[in-house]
Amino acid sequence: MASGDQKGREGATPQVAGSNVAPWEQIAASAEFKALLRAKRRFIVPATVFFVVYYFALPYLVGYHPDLMQRKVWGEMNWAYLFALSQFFMAWLLAAFYVAAAAGWDRKAAELLAKFRQ
Amino acid sequence: MNTALFMFLAFVAATLVITYFSAKKSTGTSAYFAAGRRITGWQNGLAVAGDYMSAASFLGIAGMIAFNGYDGFMYSVGFLVAYLTVLIIVAEPLRNAGKYTMADVLAYRLKPRPVRAMASLSTLTVSIFYMIAQMVGAGTLVRQLLPGVSYEMAVVGVGVLMVVYVVFGGMLATTWVQIIKAVLLMSGSLFLSVLVMSKFNFSLTNFFQSVSAVTFTGPDGAPVTRNFLTPGLLFKNPLDQISLGLALVFGTAGLPHILIRFYTVPDAKTARASVVWAMILIGVFYIMTTFFGFGAASLLGPDHMKAHGGTNMAAPELARFLGGEVFFAFISAVAFATILAVVAGLTISASTSFAHDFFTNVIHHGREHRPGEEVRVARITAFVVGALAIIIAILLGPTVNVAFLVGLAFAVAASANLPVIIFSIFWKRFNTTGAVCGLAVGLVASIALILVSPDFMKQPLFPLKNPGIVSIPLGFLAAFLGAMIRREPEAEAKFAELSVRANTGLGAEKATIE
């Protein structure tokens, strides 16, 4: 078993309801689990890069290109305010995409766990 | 009796009733620390929002927008975007692999004692500094909101109440205090925003027209007219804003009182749903800061606000102007409820970490000597933490600048906690040395940089108000280099298990059955 020689580590005696020791190594090595990790990474890495860049574009543009950001778009509304406001919708939209993607991961995880329970 | 005081007492009475019923239900460790993991998604979403929207956001940001226009709104943006880090990177693995505290996830494959000791130290630092900031804030505000109540009385009152919630009601009572407060805060802000817009016939064009020309008395005594939609009225150095943004966006996902909320729900899926609920509420709230912040600037004007309580009183003064004394009393009571709820959330995160991480796992090697001992230690800790916070807040007095304490909390969370959370979940090679180095360097670097910043020194050695831009990379670097110093085969061997747990929820802590 994977955790037999792990004295002192808290995970050494997994308190899994039902079965006491799960085949962690086997699951981790399975093609399905690797596919799940890949699918997650394909979403999480670009999504994180995207929101970090999108968010820091705001203080960068406001700080270093104030003339551009002060241009008026509609009435007195300027780019600075619109871009700041757009951050809220960016966050909500990205959260919605994440929830949709995560629903797929939940299914994959459930399938792979069902396989190992047999 | 004073209307504000009456409304505040009504809130206190309601929360004490909840505490009484929670105390009867809270039997057992998981019930006390994690509300039995039976909180639903929307409830926890409200509670996360309640834990997060402190007096600093409600009164502080409203005031900052009212006095500095656009730059104040930049805070609002960062506070929401921060939740993407929580949602996408931290919440679910943490729920799947942990039990009561952030350190649970670290201790999984690393040596528990050094890692928990350090994580507990950083949790206590973040919680206590943040808490003192809130209590000093409460004391100063109350003098203006509730005439006849002194600073000391307010501080003692807040301290005693938070200890009562946490000691008797545990996580369940704390959660419900957050939920009620979030509902009050959202409805108060909505009502305030609608009243503001009614002054402009609900026309955004008129509203922004008025915000674009705010007249006030300049430093030389002559009237000045400024466009409050223009950036740069508050932040002169763009790096200041970027550094603050870094601390907000990466610090939220390391705030212990937010992270422990994900242990109160049944599973990772519910944790995810609760972040989404929180993002909706927090987003709507921070968009509304536009209306009452800019509204206070254009309807009352900075001169009026300066004469009536200054920055922190912008929202209550606006309420008085728009809705009379009763609305003023309501908004004041909401502000006080806000502080109380946040302080309770911080107290429970500090005492959980001390009892679970330090007492049980560091001193007693992970074993409870007597059943219920961990909960008993947490209750005593809550009492001690409360007493300490009261004493420190009274000693500091109402005039101390507390902004740096909150900045410190976010900076420590981002520089010390987040790097080790991320590395231990995602990087197989990560080990105990890396975690201890990351936590220690992140903690020391952020505190040291704040001590030599403009908030603390007349001739600052470090030019920025927030240390994030330097201390966050330092925290990551220290964690990385520490891990590279030597290999730890045991930690690498356990990575498969942690990864399976974090990604599939297999073996995750279950909700207790009633």
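1. Observations concerning the overall build of chain B
Part 1: Looking only at helices and strands, one finds 19 helices and two strands in chain B.
Part 2: In terms of C-alpha radius of gyration, chain B reaches 22 Å, essentially the compact-globule figure of 24 Å for 514 residues.
Part 3: Along the longest, intermediate and shortest principal axes, the C-alpha atoms of chain B span 70 × 50 × 40 Å.
Part 4: Expressed as a percentage of its 514 residues, the buried residues of chain B come to 65%.
Part 5: Of all intrachain contacts in chain B linking residues separated by at least 6 positions in sequence, the fraction that spans at least 24 positions is 82%.

2. Remarks on the overall build of chain A
Part 1: Helix and strand content of chain A: four helices and two strands.
Part 2: Scanning chain A from its N terminus toward the C terminus, one meets helices and strands in the order α-α-α-β-β-α.
Part 3: Classification of the 118 residues of chain A by burial places 23% in the buried group.
Part 4: Once local pairs closer than 6 in sequence are excluded, the contacts in chain A between residues at least 24 apart make up 48%.

3. Description of the confidence of the model for chain A
Residues and elements named next belong to chain A.
Part 1: Summing up the model confidence of chain A, the mean pLDDT is 82 and the portion of residues at 70 or higher is 81%.
Part 2: Predicted confidence in chain A is weakest over strand β1 (residues 72-74), with a mean pLDDT of 83, and strongest over helix α2 (residues 31-64), with 94.
Part 3: Within the model, pLDDT remains below 50 along residues 1-20, and this stretch shows 30 contacts once partners closer than five positions in the same chain are excluded.

4. Some points on the pairing of strand β2 (residues 223-226) of chain B
Residues and elements named next belong to chain B.
Part 1: One ladder, built from four bridges, connects strand β1 (residues 214-217) with β2; its direction is antiparallel. Across the sheet, Thr215 pairs through a bridge with Thr225, a residue of β2.
Part 2: Taking the residues that link successive antiparallel strands as the turn, the β1-β2 hairpin has five residues, and the phi of Gly221 there is positive, at about 90°.

5. Observations concerning the packing of helix α4 (residues 55-68) of chain B against helix α5 (residues 70-97) of chain B
Residue and element names in this part refer to chain B.
Part 1: At a minimum axis distance of 6 Å, the contact between α4 and α5 shows a crossing angle of 145°. Residues Ser57, Ile61, Met64, Ile65 and Asn68 of α4 lie in contact with α5, whose contacting residues are Asp71, Gly72, Phe73, Tyr75, Ser76 and Phe79.
Part 2: Residues of the contact of α4 with α5, tallied by class, amount to six nonpolar, four polar and one charged.

6. A word on the interface of chain A and chain B
Part 1: Facing the 53 residues of chain A at the interface are 47 residues of chain B.
Part 2: Mapped by element, the contributors of at least two residues to the side of chain A that touches chain B are α1 (24-29), α2, α3 (66-69), β2 (77-78) and α4 (79-117) of chain A.
Part 3: Residues of the side of chain A that touches chain B, tallied by class, amount to 38 nonpolar, nine polar and six charged.

7. Concerning the nonpolar core
Part 1: The biggest cluster of nonpolar side chains holds 223 residues, and the ones touching the most others in it are Tyr83, Ile282 and Ala315 of chain B.
Part 2: Residue contacts for Ala315 of chain B: discarding those within four places in its chain leaves Phe58, Leu59, Ala62, Leu192, Phe292, Ala296 and Ile331 of chain B.

8. So, helix α3 (residues 41-52) of chain B
All names here are of chain B.
Part 1: Between its terminal C-alpha atoms α3 stretches 16 Å, which fits the 16 Å expected from 12 residues at 1.5 Å a residue.
Part 2: Here α3 has its buried residues at Gln43, Asn44, Gly45, Leu46, Ala47, Val48, Ala49, Gly50, Asp51 and Tyr52.
Part 3: Looking at the buried positions of α3, the neighbouring elements they touch are α8 (151-198), α11 (256-259), α12 (268-307) and α13 (314-363).

9. A word on α13 of chain B
One full turn of an α-helix is made of 3.6 residues, so residues set three or four places apart face in the same direction.
Residues and elements named next belong to chain B.
Part 1: For α13, spanning 50 residues, the distance from its first C-alpha to its last is only 48 Å, which falls clearly below the expected 74 Å at 1.5 Å a residue.
Part 2: Gly323 marks where α13 bends most, by close to 145°.
Part 3: Here α13 lies mainly inside the structure; 43 of its 50 residues are buried.

10. Side note on unusual backbone geometry
Residue and element names in this part refer to chain B.
Part 1: Its identity as a non-glycine residue notwithstanding, Asn201 has a phi of 50°, on the positive side.
Part 2: Topologically, Asn201 is positioned in the loop between α8 and α9 (204-211).
Part 3: For Phe202, which is not glycine, the phi dihedral falls at a positive 55°.
Part 4: With respect to the element layout, Phe202 can be found in the loop between α8 and α9.

11. Remarks on the packing of α8 of chain B against α12 of chain B
All names here are of chain B.
Part 1: In contact at an axis separation of 9 Å, α8 and α12 are set at 40° when each is read in the N-to-C sense. Between α8 and α12, the crossing angle belongs to the class labelled oblique. Where α8 crosses over α12, the handedness of that crossing is left-handed. Along its contact with α8, which presents Ala182, Met186, Ser189, Leu190, Leu192, Ser193, Val196 and Met197, the element α12 presents Leu281, Phe285, Met288, Phe291, Phe292, Gly295 and Leu299.
Part 2: Here the residues of the contact of α8 with α12 are counted per class, giving 12 nonpolar, three polar and no charged.

12. Comments concerning the confidence of the model for chain B
Residues and elements named next belong to chain B.
Part 1: Chain-level pLDDT for chain B is 86 on average; 98% of the residues reach the 70-or-more range.
Part 2: Looking at the elements of chain B, mean pLDDT is at its lowest for helix α2 (residues 29-34), recorded as 80, and at its highest for helix α17 (residues 468-485), recorded as 95.
Part 3: Across the assembled chains, the prediction reports ipTM 0.90 with pTM 0.89.

13. Regarding the environment of Ala341 of chain B
Residues and elements named next belong to chain B.
Part 1: Structurally, Ala341 can be placed in helix α13.
Part 2: With 160 residues separating them along the chain, Ala341 and Lys181 place their C-alpha atoms 6.8 Å apart.
Part 3: Apart from the residues within four sequence positions on either side, Ala341 is in contact with Gly50, Val177, Gln178 and Lys181.

14. Details of the environment of Phe294 of chain B
Residues and elements named next belong to chain B.
Part 1: Structurally, the position occupied by Phe294 is in helix α12.
Part 2: Owing to 27 C-beta atoms within 10 Å, Phe294 belongs among the buried residues under this scheme.
Part 3: Spatially, the C-alpha atoms of Phe294 and Asn68 are 9.3 Å apart, while their sequence positions differ by 226 residues.
Part 4: Excluding residues that lie within four positions of it along the chain, Phe294 makes contacts with Ile65, Val211 and Phe228.

15. A closer look at the environment of Gly438 of chain B
All names here are of chain B.
Part 1: Structurally, the position occupied by Gly438 is in helix α16 (residues 432-451).
Part 2: Residues Gly438 and Ile260 lie 178 residues apart in sequence; the distance between their C-alpha atoms is 21 Å.
Part 3: Beyond its immediate stretch of four places on either side in the chain, Gly438 contacts Ala416, Pro419, Val420, Gly475, Ala478, Ala479 and Gly482.

What counts, and at which threshold
Residues numbered from 1 in each chain as written. Chains lettered and ligands numbered in written order. Predicted model: local features only at pLDDT ≥ 70, side-chain atom pairs only at ≥ 80, totals over all residues. Helix = DSSP H or I, 4+ residues; strand = E, 2+ residues; numbered from the N terminus. Rg over C-alpha atoms; globule rule 2.2 N^0.38 Å. Buried ≥ 20, exposed ≤ 12 C-beta atoms within 10 Å, placed from the backbone. Contact = placed C-beta atoms within 7 Å. pLDDT = per-residue confidence, 0-100. Pairing = 2+ DSSP bridges. Axes fitted to C-alpha atoms, helices over the stretch in contact; angles between N-to-C directions. Nonpolar A, V, L, I, M, F, W, Y, C, P; charged D, E, K, R; others polar. Core = buried A, V, L, I, M, F, W, Y, C linked by C-beta atoms within 7 Å. Expected span 1.5 Å × (residues − 1). Bend = angle between axes of the 7 residues up to and from the residue. Parallel < 35°, antiparallel > 145°, perpendicular 65-115°, else oblique. Left-handed = near helix turned anticlockwise from the far one by under 90°.

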